[in-house]
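This is what each chain is made of:
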Amino acid sequence: MTPADCPEKPVVDLRSDTLTRPSAGMRKAMAGAEVGDDVYGEDPTVKRLETVAAEMLGKPCALFLPTGTMANLVAFLAQTRPGDSIILSESAHPIHYENANLSMVAGLLPCVIHDALGKFTADQVEQRIVREDDPHLSWTTLVSVENTTNRGGGACWELHEMESIAALCRRHGMRLHCDGARIFNACAVTNIEARYYAKCCDTLCFCLSKGLGAPAGSLLAGDPETMHKALRFRKMLGGGMRQSGILAAAGLYALEHHLGDLAEDHRRARRFRQALEAEGFEFCLPSPTNILYIRVENSLRAVKTLKRRGVLTLAHGQDQIRAVFHRDIDDKAMEDAIECFKQALALPR
Ligand SMILES: Cc1ncc(COP(=O)(O)O)c(C=O)c1O
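Values in this document were obtained by computation on a predicted structure and should not be read as measured data.

Draft legend 1. Local environment of the overall build of the protein chain. Looking only at helices and strands, the protein chain features 14 helices and twelve strands. The C-alpha atoms of the protein chain give a radius of gyration of 20 Å, which matches the 20 Å a tight globule of 349 residues would have. Each of the three principal axes of the protein chain carries a C-alpha extent, and together these read 60 × 50 × 35 Å. By residue count, 54% of the 349 residues in the protein chain fall in the buried class. Intrachain contacts of the protein chain at a sequence separation of at least 6 include 73% that bridge at least 24 residues. Put simply, the protein chain shows about 15600 Å² of open surface, and 51% of that area lies on carbon and sulfur atoms. Taking the 41 positively charged and 44 negatively charged side chains of the protein chain as two groups, their mean positions are separated by 4 Å.

Rendered as structure tokens:
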């Protein structure tokens, strides 16, 4: 969507939680950040953020990267070789939204598992593993899980589900990566601390720039050897930043002040859903966190109709639209969105 397509003053922007803007406190923290050149390893604020993230995830090291896309790619590069195969969900973010970088840049053959929630079981993984020494075949060296799942409606993994996949990976000498772009949304629902999810995985990354409200930045955590490789790949991809302490300060602020607000986003998503279900709207997935998919007759037409009334959503296929709740949507905006949906997309009773 170009700025010209947007209404002048959107009432409610539900397109994505990436739309969150830095809060006043966050901007102040950024302005006052102590900085250095992080490519020389001299930015104290970046170092602090990496230490805090590593501690939160119970891993020895963490690395600050500009985006979640780069965090995933660096994790793949650091734990595979070109020509290997990676097992992940058919709806995983790298399959749909990262411009085939896992094949183009990391040289990986994706082996996908279909599931509406974007999750899978250890049995499903086991059926797809290739480890025998056959020159025809591409070795499976990495499994990647997404928590929460973006296209799966913000579904969360239970710990035992991830633990059984982790055990399988260990048995077969494969690595396990978690794209935890929204891991803290999962934690808020399952009450499982991020460190327990991270314990199952060799690497886990999370984003600061989604529901947590920072303007940019992701953290990738893992063991020292893998993270040393990750540092080299980050530089290779052009992700070495200089005075990035300004961004890291936003991240530290988000982890300190915004984490607790994710549960509020989930509460608003639930209220929005219940109010519209009562009006006969159909929601396509269970959606325990902040990402909702709503069935409509014609997605492009529905997006346009809502937009004219000041509510922005995204078309998802031909008959679904996506609405994502985030910290810039307060109770009033949520109630306004409910009214707008009712009026704009009124269903025959
Ligand atoms: C699950 C998931 N992984 C990775 C990313 C990529 O993050 P970024 O936009 O920072 O590259 C996103 C972005 O929305 C996402 O939803």
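Draft legend 2. Geometry of the site of the ligand. Surveying the vicinity of the ligand reveals the residues Thr67, Gly68, Thr69, Asn72, His93, Glu98, Glu146, Asn150, Asp179, Ala181, Arg182 and Lys210. Asn150 places a polar side-chain atom, nitrogen or oxygen, 2.9 Å from an oxygen atom of the ligand. Surface burial for the ligand is 85%, taken as the share of its 380 Å² of free accessible area covered by protein chains. It is helix α3 (residues 68-79) that provides the largest number of residues to the shell around the ligand, a total of three residues. Residue classes in the shell around the ligand are distributed as one nonpolar, six polar and five charged.

Draft legend 3. Seen up close, empty space enclosed by the protein. Across all of its chains, the model carries one cavity of 30 Å³ or more by this definition. Of the pockets and cavities examined, the largest cavity occupies roughly 40 Å³. In terms of lining, the largest cavity is formed by Ala181, Arg182, Phe184, Asn185, Cys207, Lys210, Gly211, Leu212 and Leu262. Tallied by class, residues from the lining of the largest cavity come to five nonpolar, two polar and two charged.

Conventions used here
- Throughout, residues of each chain are indexed from 1 in the direction in which the sequence is written.
- Whole-chain, interface and lining totals are the exception, using all residues; otherwise, since this is a predicted model, local features are given only for residues with pLDDT of at least 70 and side-chain atom pairs are given and counted only at 80 or more.
- Excluded from the side-chain calculations are hydrogens and water; all other atoms, namely the structure's heavy atoms, are used.
- Every helix listed is a DSSP run of H or I at least four residues long, and every strand listed is a run of E at least two residues long, numbered separately from the N terminus.
- Between the two quantities, the radius of gyration covers C-alpha atoms and the globule rule is 2.2 Å times the number of residues to the power 0.38.
- Working definition: with a 1.4 Å probe on protein chains only, accessible area under 20% of the residue-type maximum means buried, over 50% means exposed, and in between means partly exposed.
- Any pair of residues with heavy atoms lying within 4.5 Å of one another is described as a contacting pair.
- Per-residue and other accessible areas were derived by the Shrake-Rupley procedure at a 1.4 Å probe size, with only the shown protein chains allowed to occlude residues.
- Only four residue types enter the tally: Lys and Arg on the positive side, Asp and Glu on the negative side, with His and both chain ends excluded.
- Just so you know, the charge point we use is NZ for Lys, CZ for Arg, CG for Asp and CD for Glu.
- It suffices for a single heavy atom of a residue to lie within 4 Å of a molecule or strand for the residue to be listed as near it.
- Throughout this description, a polar contact denotes any pair of N or O atoms lying within 3.5 Å of each other; where both atoms belong to protein, one of them has to be capable of donating a hydrogen while the other can accept it, and for residues adjacent in sequence the pair is counted only when both atoms sit in side chains.
- Side-chain classes follow a simple rule in which Ala, Val, Leu, Ile, Met, Phe, Trp, Tyr, Cys and Pro form the nonpolar group, Asp, Glu, Lys and Arg form the charged group, and the remainder, Gly included, forms the polar group.
- We place a 1 Å grid over just the protein atoms. Points where a 1.4 Å probe fits but has no way out form a cavity, open points with protein on both sides within 12 Å along at least 5 of 7 lines form a pocket, and any residue with an atom within 4 Å of a point lines it.
- Grid points are joined across faces, edges and corners, and a volume is the space filled by probe spheres set on the points.

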